[in-house]
Amino acid sequence: MIQFSAQTGTLTLLGGAQVYVNGVGVGAANRLLAGGIPLVLFSMIQLGAADLPASIQVRGTGALLTLATGTTNTISISQWSN
């Protein structure tokens, strides 16, 4: 599971964020509805042996995003296995 949270600036353009694995977008992009609020994204992905080693990224999409200063932004990756 990948969790992403970033506090946006009040004057940011209304872009979004999406998870990419090995350069390919997975799941839906999350769109920002208004500036000055957190942009939050949760994504469950499954990686197989053919995907490893994997490059996992959270990329901005659409318009440019401006992050708020003095705030904490996070990306958390949790491994779940059988």
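Let me begin by describing the structure that accompanies this report. A quick note: this is a predicted structure, and the numbers were derived from the prediction, not measured.

## Description of the sheet that holds strand β6 (residues 74-77)
Pairing in this open sheet of 3 strands is antiparallel, and the strands run β4-β1-β6 from one edge to the other. Two strands in the sheet have a free side with no partner beyond their single neighbour: β4 (38-43) and β6. Along the sheet, successive strands turn relative to each other by an average axial angle of 5°, direction set aside. In this structure, strand β1 (residues 2-7) lies alongside β6, joined through 4 bridges in antiparallel fashion. Across the sheet, Ile2 pairs through a bridge with Ile77, a residue of β6.

## Regarding the pairing of β1
Alternating positions in β1 separate cleanly, Ile2, Phe4 and Ala6 being buried on one face and Gln3, Ser5 and Gln7 remaining unburied on the opposite face. The pairing of β1 with β4 spans 6 bridges and is antiparallel. Its bridge partner being in β4, Gln7 is matched across the sheet by Pro38.

## Overview of the nonpolar core
Judged by nonpolar contacts, Ile2, Phe4, Ala6, Ala17, Val19, Val21, Leu32, Leu39 and Leu41 together constitute the single largest core of 9 residues. Residue assignment for this core shows that the elements contributing at least two residues are β1, β2 (16-21) and β4. For Phe4, the contacting residues outside a window of four places in its chain are Ala17, Leu39, Val40, Leu41, Val58, Thr74 and Ile75.

## A closer look at the packing of aromatic side chains
Think of a pair of aromatic rings as described by two things: how far the centres are apart, and how the planes are tilted against each other in angle. Taken as a whole and judged by the stated rule, the model has 0 aromatic pairs. Between Arg59 and the ring centre of Tyr20, over which it is positioned, the NZ or CZ distance is 4.0 Å.

## Thoughts on the sheet that holds strand β5 (residues 56-61)
Taken together, 3 strands build an open sheet; the order of strands is β3-β2-β5 and the sheet is antiparallel. Because the sheet does not close on itself, it has two edges, and the strands there are β3 (24-31) and β5. Taken pair by pair, the neighbouring strands of this sheet meet at an average axis angle of 20°, ignoring direction.

About the cut-offs
- Residues numbered from 1 in each chain as written.
- Predicted model: local features only at pLDDT ≥ 70, side-chain atom pairs only at ≥ 80, totals over all residues.
- Heavy atoms only, no water.
- Pairing = 2+ DSSP bridges.
- Helix = DSSP H or I, 4+ residues; strand = E, 2+ residues; numbered from the N terminus.
- Axes fitted to C-alpha atoms, helices over the stretch in contact; angles between N-to-C directions.
- Buried < 20%, exposed > 50% of the residue type's maximum accessible area, 1.4 Å probe, protein only.
- Core = buried A, V, L, I, M, F, W, Y, C linked by side-chain atoms within 4.5 Å.
- Contact = heavy atoms within 4.5 Å.
- Phe/Tyr/Trp six-rings, centres within 6.5 Å; stacked < 30°, edge-to-face > 60°.
- Lys NZ or Arg CZ within 6 Å of the ring centre and 35° of its normal.

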